[in-house]
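# Understanding the architecture of this molecule
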Amino acid sequence: MDKSKRDFLKIGGLCALGLSSLEVADAFAKSHATKFLTNPQASHAKRWAMAIDVKKCWKAEKKECKDCILACDWAHNIPDIPVKRQEVKWLWNEKYQNAFPDMENELEPEEVKDKPFLVLCNHCTNAPCVRVCPTQATFKSPDGITMMDMHRCIGCRYCMAACPYGARSFNWRDPRPFIKKINPAYPTRDRGVVEKCDFCVERLAVGKIPACVEACKDKALIFGDLDDPNSELRKALASRYSIRRKPELGTKPGVYYLI
Amino acid sequence: MKIYDGKYILVGLLVFGVLATFPIWFDHGKVVAPANPSLNTPVIDAMMSKHCILPKAQMITEHMKLLNVWRTEVVRYGKRVYVAPSGKKYEMSLETECFRCHSNKAQFCDRCHNFAGLDKATDPYCFSCHVVPSEKKPGAGKVAMVHKESK
């Protein structure tokens, strides 16, 4: 067989062209194969945030109201673990000196000292947990929610160390035996992942408001878009003085307390 | 032709050949019961034309890849509706979409997974978090009857 160098190069070039056309064909096949959409009923915002009307909450608290916490626990299959250091919490009550450390003074009224403050993940604009997560299991979604991807979490707990608000809980054990009644529409978690409030992202996706906000009969929880000047949230923040937890850290928390 | 240390080499080769083909001849002729996953759930029985999200053959071989893509789209990009090639829309959720029809994990998911050798309780580990619909275990009624009789 007599082949010149020229022939060899020609055949080689043709082969390379043939092989690369496979990739092009694949790309074309993919481009109109599948589509993913958001639900048309979904609520959208540039920056989801929450305000807690502390006075309204305290009024209800006299009746030992825990509606928001119970609604959250049920909606997200949060276990009730009796061992204190293994607790899993998304939304819970905290004393003033724990929720707002360094802000307390010895002369403040007794009622402030003893009253509970509802605390949850602050969905910080500048979230330290997101910065430290080595697998990007926790990340900022475009609408300002600090999200958790449980599938990616490796349980290193860097985020728990980084969170200045203690808003994150680790699953030290299988949570299922500690869930009294499982909500079949929401997954539980597995041993070895970190979890926290996600502003009910699964409810926002179908146009509902977060479970805690919906459950509050006294309308003490106000949820809305912080970037929309006409939102109920912005109006509440414009009309009342509000504080945030540890603002000096520069995390820009998204949970406001109306005083 | 003379092979140096021929008998050792030939015996060695023979032993190697036997060991290397062990999986083939060890399982040869054994009859493995087919997986036979059950599609009979109330929702599927009530369907006029029985179809899944993708054609059956594709679902069998690619459901895990599909679920993986769904997970990424839902959790990371907030897209929750899947448009199948047929144009039909589905919510990308194990709990509210897959289990809506396939409410019989033990007779559907498990049978194939066990057949494929994924019979450990943790593998695939989807179900350690995703809530499987409660189903009547076959034979559960019988056990209850036996208990009654023994009393």
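Note that the structure is a prediction, hence the values are computed from the model and not measured.

## A few points about the environment of A:K10
All names here are of chain A.
- As for its position among the elements, K10 is in helix α1 (residues 5-31).
- The class for K10 is exposed, based on 12 C-beta atoms found within 10 Å.
- Considered as a pair, K10 and C133 are 123 residues apart in the sequence and their alpha carbons are 52 Å apart.

## Re the interface of chain B and chain A
- Listed per partner, the contact involves 18 residues of chain B and 19 residues of chain A.
- Those elements that provide at least two residues to the side of chain B that touches chain A are α4 (56-77), β1 (81-83) and α5 (94-101) of chain B.
- If one sorts the elements of the side of chain B that touches chain A by residue count, α4(B) sits on top with four residues.
- Looking at the side of chain B that touches chain A residue by residue, the classes come out as eight nonpolar, four polar and six charged.
- Relative to β1(B), strand β1 (residues 35-37) of chain A runs antiparallel, the two being bridged by three bridges. Residue A:F36 lies in a different strand from β1(B), and its bridge partner there is B:Y82.

## Topic: the environment of B:N36
- Along the chain, the position of B:N36 falls in the loop between α2 (22-27) and α3 (42-45).
- A sequence separation of 76 residues divides B:N36 from B:C112, and the C-alpha atoms of the two residues are 7.5 Å apart.

## A closer look at unusual backbone geometry
All names here are of chain A.
- Phi is positive for N77, close to 50°, though the residue is something other than glycine.
- Considering the arrangement of structural elements, one finds N77 in the loop between α3 (67-75) and β3 (91-95).
- Of note, K246 is a non-glycine position whose phi angle comes to about 45°, a positive value.
- For K246, the location among the structural elements is in the loop between β10 (242-243) and β11 (255-258).

## A few points about the nonpolar core
- Counting residues in each nonpolar core, the largest one holds 54 residues, and the members touching the most others are A:I52, A:L91, A:L120 and A:L221.
- Those elements that place two or more of their residues in this core are β2 (48-53), α2 (54-61), α3, β3, β4 (116-120), α9 (211-215), β9 (221-225) and β11 of chain A.
- Per-element tally for this core: the top contributor is β2(A), with five residues.
- In contact with A:I52, not counting residues within four places along its chain, are A:C57, A:L118, A:A220, A:L221, A:V255, A:Y257 and A:L258.
- With five residues, the next largest nonpolar core counts B:W70, B:V74, B:V75 and B:Y82 among its residues.

## Thoughts on the sheet that holds strand β2 (residues 89-91) of chain B
- One open sheet holds the three strands; their spatial order is β1(A)-β1(B)-β2(B), and the pairing between them is antiparallel. At either end of the open sheet lies a strand with only one pairing partner, and these are β1 of chain A together with β2 of chain B. Each strand axis lies, on average, 30° off the axis of its neighbour in the sheet, ignoring direction.

Parameters and conventions
Residues numbered from 1 in each chain as written. Chains lettered and ligands numbered in written order. Predicted model: local features only at pLDDT ≥ 70, side-chain atom pairs only at ≥ 80, totals over all residues. Helix = DSSP H or I, 4+ residues; strand = E, 2+ residues; numbered from the N terminus. Buried ≥ 20, exposed ≤ 12 C-beta atoms within 10 Å, placed from the backbone. Contact = placed C-beta atoms within 7 Å. Nonpolar A, V, L, I, M, F, W, Y, C, P; charged D, E, K, R; others polar. Pairing = 2+ DSSP bridges. Core = buried A, V, L, I, M, F, W, Y, C linked by C-beta atoms within 7 Å. Axes fitted to C-alpha atoms, helices over the stretch in contact; angles between N-to-C directions.

Remember that the coordinates give geometry; whether it matters functionally is a separate question.
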